[in-house]
Protein chains: 2
Amino acid sequence: MQQHLVDDFITGLTTVTTVDSARELFTKTLHCLDVGHYAYLGLRFRNAGPRGKPFFITTYPQPWVEHYDNNNYLQIDPVMQDAPSRSTPMHWGTREHRKQMSPRQKRFLNEAAEMGLCQGAAIPIHAAGGEFGLVSVAVDATPRQFDTMMRTHQHQLHLISLYYHAHVAEKFISNESPKVSVTTRERECLLWSALGKSSWEISEILTISEATVNFHMQNAMRKLEVYSRPHAIVKAVMMGIISP
Amino acid sequence: MQQHLVDDFITGLTTVTTVDSARELFTKTLHCLDVGHYAYLGLRFRNAGPRGKPFFITTYPQPWVEHYDNNNYLQIDPVMQDAPSRSTPMHWGTREHRKQMSPRQKRFLNEAAEMGLCQGAAIPIHAAGGEFGLVSVAVDATPRQFDTMMRTHQHQLHLISLYYHAHVAEKFISNESPKVSVTTRERECLLWSALGKSSWEISEILTISEATVNFHMQNAMRKLEVYSRPHAIVKAVMMGIISP
DNA sequence: TTGGGTGCTAGCAGAACTGATAGGTTGCCT
DNA sequence: AGGCAACCTATCAGTTCTGCTAGCACCCAA
């Protein structure tokens, strides 16, 4: 196992300044690991909010990407179905993996194989603040070759993907600054509300009047630019203001 | 870099059946990496809910653990402050790390050093479902020794911690089964409410009456065993029913 | 010491939500 | 066909939340 590859990548990341140069470094490093094609998908960045635009780059064949988009394969792709709920890498397109697939998914995998994407590995990445990333690599190889390749390279692939995502997420986040400063009382009210308490109950807990609790919730909602408690709480959790 | 150590650990995990035997394997493997003391903290397991009891094991010296507890050092410990918001490993107790510490934190680090916990590494682990784990290792060594050790062992330590947490989390989760089955409409109502829509707005979106939206929210709340929308949404997000 | 800013406290009308009740549709089993 | 369960649709009284207004305490700078 070439440890220097991982270390060089990490060192390299500290020197790059743009998202593009980070991508180049990532592509070059994966190339050293004999990865033919890869796709990186960054979702749910902390301040991207609900339904935030995903961050997506790929070296998959262009025809396949278009075919994938046109047929809305995001809904079928077994990797997209399973990976987000996993914490460790998974292999797809292998004999065992195919066994558990539905007919539609088998068709999907066959179509991918025709494009030279026979099998591969998917690395789910869960980072701080609920950020999620996914690195999927594909190779055109025999099962035996793939097996050997994973045995020698999987851990490096894993680490490199992890650090890459952490770096991209950081860059992505640093650009947006929420700057919402809620007061102590406001945060307390948000938290108790998130835990199911009504205004009256919160007033008893904090020993203030119900009207005051409502006032604090008002201000919290105004600061968060929302117009209902449910939304305020969701946004507060998203932004790390409260963690129930 | 001894790849076999990581692979053996992963293989070993698939054979263990109890949480205790997993811990033993973990301890033994870390011992091979010259780790003197370690602590593992598992928090926020998916179904543990708000304020869930943490899962904690450690080989730190007993006097230190007691001293830590008695003085409520959880609030001061710089590792506990920083690690959860990081996505990659960090080193603590080093010269650079100490520079950024407050006087109280410096005192804390000095007390730790007196117990033989001079410096170490902390590995934050973010897994599926918002689970969070932290592996902190400490060594009684010179800065130079520590540096060498990290250069050769950090990646293995990282991978081993990752797989260990994933395994423990899975065991931890499988024991509790939420078994809450919300219907399509209920899920839709929860999601739109989480995005700030009122009952009337949701009724327009789904082209049903406002009363019907309220009814679906009712049922969702009953199934989730809560008595307000904010709480229902928080719980639904926690349980992975909706992801705004 | 005086003014301005910030945060906490509080009350009230109108809109939104909670909880209970009931009819209608679909699909499944007998 | 009939019975049954699950789900969706809808209504209404009582409670809670939203939006607005206003006073009070504290800190800090002029």
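Scoring rules and cut-offs
Residues numbered from 1 in each chain as written. Chains lettered and ligands numbered in written order. Predicted model: local features only at pLDDT ≥ 70, side-chain atom pairs only at ≥ 80, totals over all residues. Heavy atoms only, no water. Near = heavy atom within 4 Å. Polar contact = N/O pair within 3.5 Å; in protein donor to acceptor, adjacent residues only side chain to side chain. Helix = DSSP H or I, 4+ residues; strand = E, 2+ residues; numbered from the N terminus. Nonpolar A, V, L, I, M, F, W, Y, C, P; charged D, E, K, R; others polar. 1 Å grid on protein atoms, 1.4 Å probe; cavity = no way out; pocket = protein on both sides within 12 Å on 5 of 7 lines; lining within 4 Å. Points joined across faces, edges and corners; volume = space filled by probe spheres on them. Salt bridge = Lys/Arg side-chain N within 4 Å of Asp/Glu carboxyl O. Buried < 20%, exposed > 50% of the residue type's maximum accessible area, 1.4 Å probe, protein only. Least-squares fit on C-alpha atoms with pLDDT ≥ 70 in both. Contact = heavy atoms within 4.5 Å. Axes fitted to C-alpha atoms, helices over the stretch in contact; angles between N-to-C directions. Parallel < 35°, antiparallel > 145°, perpendicular 65-115°, else oblique. Left-handed = near helix turned anticlockwise from the far one by under 90°.

**Here's the deal with the protein's contact with DNA strand C**
Consideration 1: Neighbouring DNA strand C are 17 residues; Thr183, Ser209 and Ala211 of chain A together with Gln218 and Arg229 of chain B lie closest to it.
Consideration 2: Within 4 Å of the protein, the atoms of DNA strand C are drawn from sugar and phosphate moieties in a proportion of 64%.
Consideration 3: One nitrogen or oxygen atom from the side chain of Thr183 of chain A is found 2.7 Å from a phosphate oxygen belonging to DNA strand C.
Consideration 4: Between DNA strand C and the protein, one listed contact pairs a phosphate oxygen with a backbone N or O atom of Ser209 of chain A at 2.4 Å.
Consideration 5: Elements supplying a minimum of two residues to the surface near DNA strand C: α10 (210-224) of chain A together with α10 (210-224) of chain B.
Consideration 6: The residue inventory of the surface near DNA strand C, partitioned by class, reads six nonpolar, nine polar and two charged.

**Describing empty space enclosed by the protein**
Consideration 1: Going through the model one piece at a time under the given rule, you end up with one cavity of 30 Å³ or more.
Consideration 2: Each pocket or cavity is described by its volume, and for the largest cavity that value is around 150 Å³.
Consideration 3: Along the walls of the largest cavity sit 17 residues, with Ile125, His126 and Leu162 of chain A together with His126 and Leu162 of chain B positioned nearest its centre.
Consideration 4: If you list the elements that add at least two residues to the lining of the largest cavity, you get β4 (119-126) and α7 (143-175) of chain A together with β4 (119-126) and α7 (143-175) of chain B.

**Quick word on the pattern of salt bridges**
All names here are of chain B.
Consideration 1: The final tally for this structure, using the stated rule, is eight salt bridges over all chains.
Consideration 2: For Arg151, the salt bridge goes to Asp147, with nearest N and O atoms at 3.5 Å. Here Arg151 pairs with Asp147, and both are found in helix α7, just four residues apart, close to one helical turn.
Consideration 3: The exposure class of Arg151 is exposed, given its relative accessible area of 54%.
Consideration 4: Residue Asp147 is classed as partly exposed on the basis of its relative accessible area of 40%.
Consideration 5: Where Glu186 meets Lys223, a salt bridge forms, and the shortest distance between an N and an O atom there is 2.8 Å. Note that Glu186 is positioned in helix α8 (residues 184-194) and Lys223 in helix α10, a separation of 37 residues in sequence.

**Quick word on the relation of the copies chain A and chain B**
Consideration 1: Once turned by 180° and shifted 0.2 Å along the axis, chain A lies on chain B with an RMSD of 0.2 Å. Look at the turn and shift together and you get a two-fold axis relating the two. The position closest to the rotation axis in chain A is occupied by the C-alpha of Pro230 of chain A, lying 2.2 Å away.
Consideration 2: In this assembly the copies share their binding face: 97% of the residues contributing to the interface of chain A also contribute to that of chain B.

**Description of the environment of Ser136 of chain B**
Residue and element names in this part refer to chain B.
Consideration 1: Mapped onto the secondary structure, Ser136 falls in strand β5 (residues 132-139).
Consideration 2: Looking at Ser136, the relative accessible area reads 9%, which means it is buried.
Consideration 3: Apart from the residues lying within four places of it in its own chain, the contact partners of Ser136 are His37, Tyr38, Ala39, Tyr60, Trp92, Ala121 and Ala122.
Consideration 4: Among the polar contacts made by the side chain of Ser136, one reaches the side chain of Trp92 at a distance of 3.5 Å.

**Points about the interface of chain A and chain B**
Consideration 1: Taken together, the contacts link 39 residues of chain A with 39 residues of chain B.
Consideration 2: Connecting chain A to chain B are zero salt bridges.
Consideration 3: Linking chain A with chain B are six residue pairs in polar contact (both at pLDDT 80 or more), by the criterion used here.
Consideration 4: Mapped by element, the contributors of at least two residues to the side of chain A that touches chain B are α1 (3-15), α7, α8 (184-194) and α11 (229-238) of chain A.
Consideration 5: With nine residues, α7 of chain A is the largest single contributor of residues to the side of chain A that touches chain B.
Consideration 6: Considered class by class, the residues forming the side of chain A that touches chain B number 20 nonpolar, 13 polar and six charged.

**Structural notes on the packing of α8 of chain A against α11 of chain A**
Residues and elements named next belong to chain A.
Consideration 1: As a packed pair, α8 and α11 sit with axes 10 Å apart at the nearest point and diverge in direction by 105°. Classified by the angle between their axes, α8 and α11 sit roughly perpendicular to one another. The segment α8 lies against α11, with Leu190, Ser193 and Ala194 engaging Arg229, Ala232, Ile233 and Ala236.
Consideration 2: Here the residues of the contact of α8 with α11 sort into five nonpolar, one polar and one charged.

**Some details on the layout of surface pockets**
Consideration 1: In this structure, the second largest pocket spans a volume of roughly 1100 Å³.
Consideration 2: In terms of lining, the second largest pocket is formed by 35 residues, of which the most central are Arg86, Thr88, Pro89, Met90 and Gln154 of chain B.
Consideration 3: Those elements that provide at least two residues to the lining of the second largest pocket are α1 and α7 of chain A together with β3 (90-92), α5 (95-99) and α7 of chain B.
Consideration 4: Per element, the largest residue contribution to the lining of the second largest pocket is seven residues, and it comes from α7 of chain B.
Consideration 5: The class makeup of the residues in the lining of the second largest pocket is 12 nonpolar, 13 polar and 10 charged.

**Notes on the protein's contact with DNA strand D**
Consideration 1: Taken together, 18 residues lie near DNA strand D, and Arg229 of chain A together with Thr183, Ser209, Ala211 and Phe215 of chain B sit nearest.
Consideration 2: The protein-proximal atoms of DNA strand D, defined as those within 4 Å of the protein, are 61% sugar or phosphate.
Consideration 3: Here a phosphate oxygen of DNA strand D and a side-chain polar atom of Thr183 of chain B are 2.5 Å apart.
Consideration 4: Of all the elements in the fold, those that place two or more residues in the surface near DNA strand D are α10 of chain A together with α8 and α10 of chain B.

**Quick look at the side chain of Gln154 of chain A**
Consideration 1: As for its position among the elements, Gln154 of chain A is in helix α7.
Consideration 2: With relative accessibility at 14%, the residue Gln154 of chain A sits in the buried group.
Consideration 3: Among the polar contacts made by the side chain of Gln154 of chain A, one reaches the side chain of His91 of chain A at a distance of 2.8 Å.
Consideration 4: For Gln154 of chain A, the residues in contact, after removing those within four places along its chain, are Pro89, His91 and Met149 of chain A together with Tyr163 of chain B.

**Things to note about the environment of Met239 of chain A**
Residue and element names in this part refer to chain A.
Consideration 1: With respect to the secondary-structure elements, Met239 resides in the segment after α11.
Consideration 2: Look at Met239 and you get buried, because its relative accessible area is 18%.
Consideration 3: Each C-alpha atom, one on Met239 and one on Met115, is 41 Å from the other, the two residues being 124 residues apart in sequence.

**Side note on the packing of helix α3 (residues 62-70) of chain B against helix α6 (residues 103-114) of chain B**
Residue and element names in this part refer to chain B.
Consideration 1: For the pair α3 and α6, interaxial distance at closest approach is 10 Å and the crossing angle is 160°. Considering the angle they form, α3 stands roughly antiparallel to α6. Where α3 crosses over α6, the two elements pack in a sense that is right-handed. Here Trp64, His67 and Tyr68 of α3 come into contact with α6, specifically with Phe108, Glu111 and Ala112.
Consideration 2: Here the contact of α3 with α6 is built from residues that sort into four nonpolar, one polar and one charged.

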